[in-house]
Amino acid sequence: MKKTDFDYNLSPAWCPGCGNFMILKALKQALSELNLKPYQVLIASGIGQAAKLPHYMKCNAFNGLHGRSIPVATGAKLVNPNLIVLAEGGDGDIYGEGGNHFIHAIRRNVDITLLVHNNQVYGITKGQASPTSEPGFTTKIQTEGVKVTMMDPLTVALSLDASFISRGFSGDIGHLSWIIQQAVKHPGFALVDILMPCISFNKLNTFTWYKNRVYKLEDENWNTHNKTAAYKKAGQWGERIPIGIFYRQQKATYSQLVSVLQGEPLINREYSPQKVKSLFDEFI
Ligand SMILES: Cc1ncc(C[n+]2csc(CCOP(=O)(O)OP(=O)(O)O)c2C)c(N)n1
Ligand SMILES: [Mg+2]
């Protein structure tokens, strides 16, 4: 493996063969190729196998509550806009427990990148169905198979007018690294949904299952600014599954829209408890 500034000497507690290893490699490669240094990057995560990722990298990290990586990342970016901020977690963490944050972060268009390690299962809690599990997928809890509709995060993001929507595959590190670089460079909220196998608890969507289905949008001379076409591709799931950048647009970020966030970053402004106190005193 090529060395990067983001390498950290701690062995991941993931199963051998887990797709998370490839995502970790692609992310470190992407940040290095963007010439970023660990002190410039913050990764916020929640709970899950995926959410352990920042433990295994050298950079700023905030490992918080289940489903709550996006609010942490949002706050950090608004206060310190010079920081490169990523939120990261699994399909359960981000689309399930944190689904409300996922929806509203897209609407705000804060300049953060969201990486979702989508293994279509709750891995760390030993294999319950997640929002992206396929109908019919059987687990120890869903003994008759999943009965409810599968969530398509890309279509949700499109319907909320997201400014950058993409999907990668852990089995193609070079391609995933390229997508992550585009997402980090994008000024606004960038979604990177990443298909990956959970070798222990998802025996349906295996590495080979994904490998046989994924194809790259770029190979079709894809126009990333066509929203109607992006809807069609986002809905494609089955024999063929597209990966790549589905849609991107230039759109004002939250910081550009809210006047108090303009000018000197909040982190550099004087903090005056006295001013806050006098505000509170008005209500006494
Ligand atoms: C509020 C709360 N609810 C439930 C849990 C239990 N829990 C921890 S992680 C997780 C889901 C993990 O799935 P995912 O985010 O897909 O991560 P993976 O392990 O598959 O990478 C659940 C249900 C918790 N820790 N906190
Ligand atoms: Mg998962």
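### Focus on the pattern of salt bridges
Thought 1: Counted by the stated rule, this structure contains ten salt bridges.
Thought 2: In this structure, the salt-bridge partner of Lys28 is Asp7, at a minimum N-O distance of 3.1 Å. Residue Lys28 is found in helix H1 (residues 20-33), and its partner Asp7 is found in the segment before H1; the two are separated by 21 residues along the sequence.
Thought 3: Of the charged contacts in the structure, one is a salt bridge between Lys147 and Glu144, with a shortest N-O distance of 3.7 Å. Of the two residues, Lys147 and Glu144, neither departs from the other in class, the shared state being exposed.
Thought 4: Salt bridges sharing common partners tie together Asp161, Lys227 and Lys251.

### So, the site of ligand 1
Thought 1: Taken together, 16 residues are adjacent to ligand 1, and Asp91, Gly92, Asp93, Gly123 and Ile124 come closest.
Thought 2: In this structure, Gly123 approaches ligand 1 through a main-chain N or O atom, which is 2.8 Å from an oxygen atom.
Thought 3: Ile124 is positioned such that a nitrogen or oxygen atom in its backbone is 2.8 Å from an oxygen atom of ligand 1.
Thought 4: Computed on the free molecule, ligand 1 has an accessible area of 590 Å², of which 74% lies beneath the protein chains in the complex.
Thought 5: The element contributing the most residues to the shell around ligand 1 is helix H3 (residues 91-97), with four residues.
Thought 6: Residues of the shell around ligand 1, tallied by class, amount to five nonpolar, eight polar and three charged.

### Examining a nonpolar patch on the surface
Thought 1: Judged by side-chain polarity, Val79, Leu266 and Ile267 come together as a nonpolar surface patch covering roughly 210 Å² of accessible area.
Thought 2: Along the chain, Ile267 falls in the loop between helix H9 (254-257) and helix H10 (273-281).

### A closer look at the coordination of the magnesium ion (ligand 2)
Thought 1: Protein-derived ligands of the magnesium ion (ligand 2) are Asp91 (OD), Asn119 (OD1) and Val121 (O), with the metal-ligand distances lying across 2.1 to 2.2 Å.
Thought 2: As a motif over one chain, the donors of the magnesium ion (ligand 2) read D-x27-N-x1-V. Taken together, the residues Asp91 in helix H3 and Asn119 in the loop between strand S4 (113-118) and helix H5 (153-159) connect sequence positions 28 residues apart.

### Examining the sheet that holds strand S5 (residues 164-169)
Thought 1: Strand order in the open sheet made by the eight strands is S2-S1-S3-S4-S6-S5-S8-S7, with mixed pairing throughout. Both outer strands of the open sheet, strand S2 (60-63) and strand S7 (214-216), are each paired with one neighbouring strand and no more. Neighbour to neighbour, the strand axes of the sheet diverge by 25° on average, direction disregarded.
Thought 2: As paired elements, S5 and strand S6 (residues 190-195) share six bridges and run parallel to each other. Bridge pairing in S6 links Ser166 to Val192.
Thought 3: Across the sheet, helix H6 (residues 173-185) touches strand S3 (84-90), S4, S5, S6, S7 and strand S8 (241-248), and the angle it forms with S5 is around 160°.

### Here we look at the environment of Gly92
Thought 1: Relative to the assigned elements, Gly92 resides in helix H3.
Thought 2: Setting aside chain neighbours within four positions, we find Gly92 in contact with His66, Glu97, Gly98, Tyr122, Ser130 and Pro131.

### A short note on H6
For an α-helix the count is 3.6 residues per turn, leaving residues at separations of three or four pointing the same way.
Thought 1: With 13 residues, H6 should reach 18 Å at 1.5 Å per residue; the first-to-last C-alpha distance of 18 Å fits that figure.
Thought 2: Those residues of H6 not exposed but buried are His175, Leu176, Ser177, Ile179, Ile180, Gln181, Gln182, Ala183 and Val184.

### Side note on the state of the cysteines
Thought 1: Tallying each qualifying case throughout the model produces zero disulfides.
Thought 2: With no disulfide of its own, Cys15 lies closest to Cys18 among cysteine sulfurs, the gap being 6.3 Å.
Thought 3: By relative accessible area, which is 34% here, Cys15 ends up partly exposed.
Thought 4: Unpaired in this structure, Cys59 has its nearest cysteine sulfur neighbour in Cys18, at a distance of 18 Å.

### With respect to H1
Thought 1: Taking 1.5 Å per residue as the helical rise, H1 with its 14 residues ought to reach 20 Å, and the 20 Å between its terminal C-alpha atoms agrees with that figure.
Thought 2: Listing the buried residues of H1 in full gives Asn20, Ile23, Leu24, Ala26, Leu27, Lys28, Ala30 and Leu31.
Thought 3: Buried residues along H1 sit in contact with strand S1 (41-45), S3, S4, H6 and S6.
Thought 4: In the stretch just after H1, Asn35 is the one whose phi turns positive, near 60°.

Reading the values: the criteria
- Residues numbered from 1 in each chain as written.
- Chains lettered and ligands numbered in written order.
- Predicted model: local features only at pLDDT ≥ 70, side-chain atom pairs only at ≥ 80, totals over all residues.
- Heavy atoms only, no water.
- Salt bridge = Lys/Arg side-chain N within 4 Å of Asp/Glu carboxyl O.
- Helix = DSSP H or I, 4+ residues; strand = E, 2+ residues; numbered from the N terminus.
- Buried < 20%, exposed > 50% of the residue type's maximum accessible area, 1.4 Å probe, protein only.
- Near = heavy atom within 4 Å.
- Polar contact = N/O pair within 3.5 Å; in protein donor to acceptor, adjacent residues only side chain to side chain.
- Areas by Shrake-Rupley, 256 points an atom, 1.4 Å probe, with all protein chains shown as cover.
- Nonpolar A, V, L, I, M, F, W, Y, C, P; charged D, E, K, R; others polar.
- Patch = residues over 30% accessible without salt bridge, like charges linked within 9 Å, V, L, I, M, F, W, Y side chains within 5 Å.
- Donors = N, O, S within 2.8 Å, 3.2 Å for Na, K, Ca; no water.
- Pairing = 2+ DSSP bridges.
- Axes fitted to C-alpha atoms, helices over the stretch in contact; angles between N-to-C directions.
- Contact = heavy atoms within 4.5 Å.
- Expected span 1.5 Å × (residues − 1).
- Disulfide = S-S within 2.5 Å.

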